[in-house]
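Observations on chain architecture
Spelled out from the first residue to the last, the chains are:
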Amino acid sequence: MEMVKRIVICAAVAASTAAGGDFSLSIGNAFAALVPGGATAPVIKKTGNQFAVRMQNCDSQDRVQLNGVAEGLVQGQRSSAPISIDAASPGIYVVSPIRAQSEGVWVVSLSATCGSAKAGALVPIGPQGFLRDKVKLLPRAATQPEIDVVLKALNP
Amino acid sequence: MKFDLPLAKAPDSIWTAIEASLTEPRSSGSGHPYLPRRLPRRPLWIAALAAAASLATAIFIWYRTPRPAWEVVRLDGSPSIASKPMAAVAKIGVGQWLQTDASSRARISVGNIGTVEIAPNTRVEVVAARPDQQRLKLARGEISASVSAPPRLFFVDTPAGAAVDLGCAYTMKADPDGNGLLRVTLGWVSLEWEGRESLVPAGASCRTRQKTGPGTPYFDDASPRLRNALADFDFNGGGDPALAIVLAEARIRDTLTLWHLLSRVDPTAREGVYNRMVDLVPLPNGVEKDRALQLDPSTLKHWREELAWKW
């Protein structure tokens, strides 16, 4: 019985590792994507609410995919807007809204995969940039109800 | 046994042959094998004329070759270039000064890598305009630079430090004594002076002082108590009391300031700075305490890169 228990535990660990249980996103200011004195992705020069995204615990950066969209609540109506995702270095990206979201409240919904592993994040955007203390990291892409909750919290 | 060789006179034909070879014209492959080839004689004046012509050509080419110069646009009032009022659009070359008065402003296009706005009451000089280095000197006043270029291509010199663009936008102020303030709005700027370096990211500032150079960077939303104590520490010999205030007031993102202080405090105070940093942000993988306290460069670099995600 003990042997069976051990085999089951090992199988569970192997399964979670294969599924990338620790794969996650890290969100920071855009300058975190640029390494002073390092070589040299071209500087990504955009104004406005840029932020950086880093893939954590992905064992192979060429298996990474990152997608996202800006979701907003403008005068009580839901709206979506595209975003730009630029690679700064392997596993590190700079995310920028394509156009400034000057009206309403907005959150960027990110979804990422590393092989079969998934991760997501909801990154609220304020007038001075992303709202670090309101970022939500998720083990998968955010659902519409989760996005709605964040938008309503930004729009009291 | 000693032998005396008999003396013999050389036949006259030898001397005749030698004299003949001295006077006959030489051609390639011909002539006496033991005598040097004689150069044909030319009048000296022809050589002098050729040299003068070469020199004149070189001067002409140098004069006509366009000098690197930056375009300047007048934004307000009447800025001057090389002490003369400028037109609406003008050029400024290496070694020339641009000056604004209380009511004038201008914008310089730095090659094709960015722009620098010159605020009122400002005096700047173009120091270099080369493909590998674009350099401005700020004698006094304020500029706002926005540069999109590989790092370490654009520099602004002040009496108390050089701002080195690492991909950024920033404002730089300097007074006639060389005291100044750098404020970064995008990317990073390195402020350097005599071996001292301060790395300043967007949202942060760094003071400079004549004869001291760059101070310690701080985020603009740091508490006034922290900022005042930091200025005391950097420029007024504030020592341990000032450091204690900085440590007490520090938040997570003030680890930018603490990271710089690691190498600027006395070794006896270094562990206190380290401990405060670790209280605020757990030590990342790959950073070891001993190496950090020894100021190992690669350890500090890695630590800074990890901390930047929290700033």
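Residues numbered from 1 in each chain as written. Chains lettered and ligands numbered in written order. Predicted model: local features only at pLDDT ≥ 70, side-chain atom pairs only at ≥ 80, totals over all residues. Heavy atoms only, no water.

We now examine the pattern of salt bridges. All names here are of chain B. What the rule picks out here adds up to 21 salt bridges over all chains. Of the charged contacts in the structure, one is a salt bridge between Lys137 and Glu125, with a shortest N-O distance of 3.6 Å. One end of the pair, Lys137, is in strand 9 (residues 133-147); the other, Glu125, is in strand 8 (residues 123-130), with twelve residues separating them in the sequence. Judged by relative accessible area, Lys137 falls into the partly exposed class, the value being 34%. On the accessibility criterion, Glu125 (14% relative accessible area) is buried. The residue Asp132 makes a salt bridge to Arg130 at a minimum N-O spacing of 3.0 Å. The exposed category is assigned to Asp132, whose relative accessible area is 52%. (Salt bridge = Lys/Arg side-chain N within 4 Å of Asp/Glu carboxyl O. Helix = DSSP H or I, 4+ residues; strand = E, 2+ residues; numbered from the N terminus. Buried < 20%, exposed > 50% of the residue type's maximum accessible area, 1.4 Å probe, protein only.)

Next up on the list: the interface of chain B and chain A. Taken together, the contact pairs 23 residues of chain B with 19 residues of chain A. For the pairing of chain B and chain A, the buried interface totals around 1600 Å² over both sides, and the portion due to carbon and sulfur atoms is 61%. Summed over the three residues of chain B that lose the most area to chain A, namely B:Leu186, B:Trp188 and B:Trp309, the buried surface amounts to 44% of that side. The tally of links from chain B across to chain A stands at one salt bridge. A salt bridge links A:Arg54 to B:Glu306; the shortest N-O distance between them is 3.1 Å. Connecting chain B to chain A are six residue pairs in polar contact (both at pLDDT 80 or more). (Contact = heavy atoms within 4.5 Å. Buried area = accessible area lost by both parts, 1.4 Å probe. Polar contact = N/O pair within 3.5 Å; in protein donor to acceptor, adjacent residues only side chain to side chain.)

A few words now on the state of the cysteines. All names here are of chain B. If you walk through the whole model with that rule in mind, you get one disulfide over all chains. With no disulfide of its own, Cys168 lies 14 Å from the sulfur of Cys206, the closest cysteine sulfur. Residue Cys206 is classed as buried on the basis of its relative accessible area, which comes to 0%. (Disulfide = S-S within 2.5 Å.)

It is worth spelling out helix 3 (residues 224-235) of chain B at this point. Residues and elements named next belong to chain B. Taking 1.5 Å of rise per residue, the twelve residues of helix 3 would be expected to cover 16 Å, and the 16 Å separating its terminal C-alpha atoms lies within 8% of that figure. Every buried residue of helix 3 is accounted for by Leu226, Ala229, Leu230, Ala231, Phe233, Asp234 and Phe235. Buried-residue contacts for helix 3 involve strand 13 (196-201), strand 14 (204-209), strand 15 (213-214), strand 16 (218-219), helix 4 (239-249) and helix 5 (255-262). Looking one or two residues past helix 3, Gly237 carries a phi angle of roughly 65°, positive in sign. (Expected span 1.5 Å × (residues − 1).)

Moving on to helix 6 (residues 267-280) of chain B. All names here are of chain B. Compared with an ideal rise of 1.5 Å per residue, which puts 14 residues at 20 Å, helix 6 spans 21 Å between its outermost C-alpha atoms and is within 8% of the ideal. Looking at helix 6, one finds that the buried residues are Ala269, Arg270, Val273, Tyr274, Met277 and Leu280. Seen along its axis, helix 6 keeps its buried residues to an arc of 150°; they face one direction. Relative to its buried face, helix 6 has exposed residues pointing more than 90 degrees away, namely Thr268 and Asp279. Buried residues in helix 6 make contact with helix 4, helix 5, helix 7 (289-293) and helix 8 (297-307). (Arc of directions from axis to C-beta.)

In short, the description is geometric, and any link to function would need to be established separately.
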